[in-house]
Amino acid sequence: MGGRYPEADSTDEFAHNLYNGIDMITEDNRRWPTDLFGMNPRMGKLKNIDKFDGLFFGIMNTMSDVIDPQSRMALETTYEAIIDAGINPQTLRGSDTGVYIGFSTFGMPDGTPEDVQPDSQNNMTETLLWLPGSQKCLYANRVSFVFDFHGPSMIIDTACSSSLVALNAAVNDMRLGKCRQAIVGGTQICLQPFSNQIFQSTRLNAFDGIPKVWDEKADGFVRGETVCCFLLQRKSEAKRIYATVLNSGVNIDGNKRMGMFYPSAESQEDLMIKVY
């Protein structure tokens, strides 16, 4: 596995922070001013999102500058996951490795280039670079391109469950023989303050910026950032095993009297029993 987590540039650093009780939810202006819109500034943020060695991955600098930081880190953490598995990434070139990245976003939050000016070379260049640099489907496709993977390559957006549904898709495709191994990942970096304002104004986020899981005082979650990928292999081929996937499954609650966003404990129980 390979990952970037709040206040941690690696899985080892993340584990160290967890084991030592270090609060990785911070109050600072790394994303936007702390007093913006009257929001609680507490959020889990990655240390660095502006550094990237594009040439290492064969990407020219002018292209690297416009690629979404989540896509850049997906490349880095994919490389780290393969190395962590004891494999030389070059040996996987041309293989039927699948790529399944979970990612959730709001529609049209990034903005688009200004009107295209066909007679302006600079404007045309900017527009041409914006298209592949900003498309979210390329989070997976760019990994497949850079590493020369020939298996299925897709983004999966099912909101909070995106990366687990990506895992389910990868497991199913491996069992069906669609790919030999798979990169499975999840990515979330909070770059638009309006989304945080929406979560806080609708009381989805904890008012005091402190998550209180399993507590009767629980009043919402706190947003956090992560880009993480791992290499899913058949057990017989793995040199390092952190965990074994015995089974997986997906369902949804259907129509509920309490509304679309109210979780159904009954549906979750049904899925657990079915998967077990």
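Above this note sits the structure.
Because the structure is a prediction, the values reported are computed rather than measured.

*Asks:* How would you explain the overall build of the protein if you had to name every residue and give the values?
*Replies:* A count of helical and extended segments in the protein gives eight helices and seven strands. What you see for the protein is a C-alpha radius of gyration of 20 Å, in line with the 19 Å of a compact globule of 276 residues. C-alpha extents for the protein along the principal axes are approximately 55 × 50 × 40 Å. Counting every position in the protein, which comprises 276 residues, the buried fraction comes to 41%. Charge separation in the protein, taken as the distance between the mean sites of 25 positive and 34 negative side-chain charges, equals 6 Å.

*Asks:* Tell me about the nonpolar core, residues and numbers included.
*Replies:* Judged by nonpolar contacts, the single largest core of 23 residues is most densely connected at Ile59, Leu75, Phe147 and Phe149. Elements that contribute at least two residues to this core include exactly α3 (69-84), β4 (98-103), α5 (138-147) and β7 (226-232). A per-element tally of this core places α5 first, with five residues. In contact with Phe147, not counting residues within four places along its chain, are Phe57, Leu75, Thr78, Tyr79, Ile82, Pro89, Leu92 and Arg93. If you look at the next biggest cluster of nonpolar residues, it comprises 13 residues, including Ala166, Val171, Met174 and Cys179.

*Asks:* I'd like to hear about the layout of surface pockets, residue by residue, with values.
*Replies:* Each pocket or cavity is described by its volume, and for the second largest pocket that value is around 570 Å³. Lining of the second largest pocket is provided by 20 residues; of these, Leu231, Leu232, Gln233, Ala243 and Val245 occupy positions nearest its centre. When residues of the lining of the second largest pocket are traced back to their parent elements, those giving at least two are α3, α6 (162-175) and β7. Taken together, the residues that form the lining of the second largest pocket break down as 13 nonpolar, two polar and five charged.

*Asks:* Kindly report on the sheet that holds β4, identifying the contributing residues and their values.
*Replies:* In spatial order, the strands read β1-β7-β6-β4-β5; together these five strands make up an open sheet with mixed pairing. Edge positions in the sheet fall to β1 (2-4) and β5 (153-156), since each has one partner strand and no second. Recorded for the sheet is a direction-independent mean angle of 10 degrees between the axes of neighbouring strands. Sheet topology places strand β6 (residues 182-188) next to β7; seven bridges connect them, and they run antiparallel. Looking at the pairing, Thr187 lines up with Val227 of β7. Across the face of the sheet, α3 comes into contact with β1, β4, β6 and β7 while running at roughly 35 degrees to β7.

*Asks:* Describe the packing of α3 against α5, with residues and values.
*Replies:* At a minimum axis separation of 9 Å, α3 and α5 run at an interaxial angle of 50 degrees. Of the possible angle classes, the one that applies to α3 and α5 is oblique. Helix-helix and strand crossings are classified by hand; for α3 and α5 the assignment is right-handed. Here α3 contributes Gln70, Ser71, Ala74, Leu75, Thr78, Tyr79 and Ile82 to the contact with α5, which in turn contributes Leu138, Tyr139, Arg142, Val143, Val146 and Phe147. Partitioning the contact of α3 with α5 into residue classes produces nine nonpolar, three polar and one charged.

*Asks:* So what's going on with empty space enclosed by the protein? Which residues, and what values?
*Replies:* Counted according to the given criterion, the structure contains one cavity of 30 Å³ or more. As a volume, the largest cavity reaches approximately 50 Å³. Class assignment for the residues of the lining of the largest cavity results in three nonpolar, two polar and three charged.

*Asks:* Account for a nonpolar patch on the surface, with residues named and values stated.
*Replies:* A cluster of nonpolar side chains, namely Phe106, Phe194 and Ile198, defines an oily patch on the protein surface of about 220 Å² accessible area. Here Ile198 shows up in helix α7 (residues 193-201). Since its relative accessible area comes to 34%, Ile198 is described here as partly exposed.

Definitions and cut-offs
- Residues numbered from 1 in each chain as written.
- Predicted model: local features only at pLDDT ≥ 70, side-chain atom pairs only at ≥ 80, totals over all residues.
- Heavy atoms only, no water.
- Helix = DSSP H or I, 4+ residues; strand = E, 2+ residues; numbered from the N terminus.
- Rg over C-alpha atoms; globule rule 2.2 N^0.38 Å.
- Buried < 20%, exposed > 50% of the residue type's maximum accessible area, 1.4 Å probe, protein only.
- Lys, Arg positive; Asp, Glu negative; His and termini not counted.
- Charge placed at Lys NZ, Arg CZ, Asp CG, Glu CD.
- Core = buried A, V, L, I, M, F, W, Y, C linked by side-chain atoms within 4.5 Å.
- Contact = heavy atoms within 4.5 Å.
- 1 Å grid on protein atoms, 1.4 Å probe; cavity = no way out; pocket = protein on both sides within 12 Å on 5 of 7 lines; lining within 4 Å.
- Points joined across faces, edges and corners; volume = space filled by probe spheres on them.
- Nonpolar A, V, L, I, M, F, W, Y, C, P; charged D, E, K, R; others polar.
- Pairing = 2+ DSSP bridges.
- Axes fitted to C-alpha atoms, helices over the stretch in contact; angles between N-to-C directions.
- Parallel < 35°, antiparallel > 145°, perpendicular 65-115°, else oblique.
- Left-handed = near helix turned anticlockwise from the far one by under 90°.
- Patch = residues over 30% accessible without salt bridge, like charges linked within 9 Å, V, L, I, M, F, W, Y side chains within 5 Å.
- Areas by Shrake-Rupley, 256 points an atom, 1.4 Å probe, with all protein chains shown as cover.
- Salt bridge = Lys/Arg side-chain N within 4 Å of Asp/Glu carboxyl O.

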